[in-house]
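Residues per chain are reported as follows:
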Amino acid sequence: MVTKNQDQLLVDKQKNKAKPPSLFNVILLNDDYTPMEFVIQVLQKFFSLDMETATRIMLKVHTEGRGICGTYPRDLAATKVKKVLDFAKQNQHPLQCVMEEIGS
Ligand code: TYC
């Protein structure tokens, strides 16, 4: 009979417990003051979107109040949110951006 040593049992246990990394949506929120052109620029600059996709997402946020810019692991999502907020502040726009865990 084949028996497993302690180390192998530990590896097996860790393997069974490993969860896939959580993913987060980065979301833009609408406001009445940030220019549409600036929002499109943000979507192109920080989320690598083409003009057409950026325009579609900006209009969705404008009409529905919020919209998803992209989906990333926690650290990357947090970095995107910070960069967007810093850039908006630098340009004196009140644009808001948040991250939300998927499935929560
Ligand atoms: N509502 C803004 C306007 O009319 C445009 C806008 C779109 C602002 C998306 C923020 O996340 C936003 N100028």
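Below is a summary of the structure that appears in this document. (Residues numbered from 1 in each chain as written. Predicted model: local features only at pLDDT ≥ 70, side-chain atom pairs only at ≥ 80, totals over all residues. Heavy atoms only, no water.)

## Overview of the packing of aromatic side chains
Tallied over the full model, the rule gives three aromatic pairs. Here F38 and F87 contribute two aromatic rings whose centre-to-centre distance is 5.2 Å and whose plane-to-plane angle is 15 degrees, an arrangement assigned as stacked. Residue F38 is found in helix α2 (residues 36–47), and its partner F87 is found in helix α4 (residues 74–90); the two are separated by 49 residues along the sequence. Relative accessible area serves as the criterion here: at 13%, F87 is assigned to the buried category. With 6.4 Å between their ring centres and 35 degrees between their planes, F47 and Y72 make a pair best called tilted. Here Y72 lies in strand β2 (residues 66–73) and F47 lies in helix α2, a separation of 25 residues in the sequence. Take F47 and Y72: they sit in the same class, and that class is buried. An aromatic cluster is present here, built from F38, F46 and F87 joined pairwise through their rings. (Phe/Tyr/Trp six-rings, centres within 6.5 Å; stacked < 30°, edge-to-face > 60°. Helix = DSSP H or I, 4+ residues; strand = E, 2+ residues; numbered from the N terminus. Buried < 20%, exposed > 50% of the residue type's maximum accessible area, 1.4 Å probe, protein only.)

## A look at the environment of H62
Structurally, H62 is set in helix α3 (residues 51–64). Considering only alpha carbons, one finds H62 and D31, 31 residues apart in sequence, at a separation of 7.8 Å. Not counting residues up to four positions away in its chain, the partners in contact with H62 are N30 and M36. (Contact = heavy atoms within 4.5 Å.)

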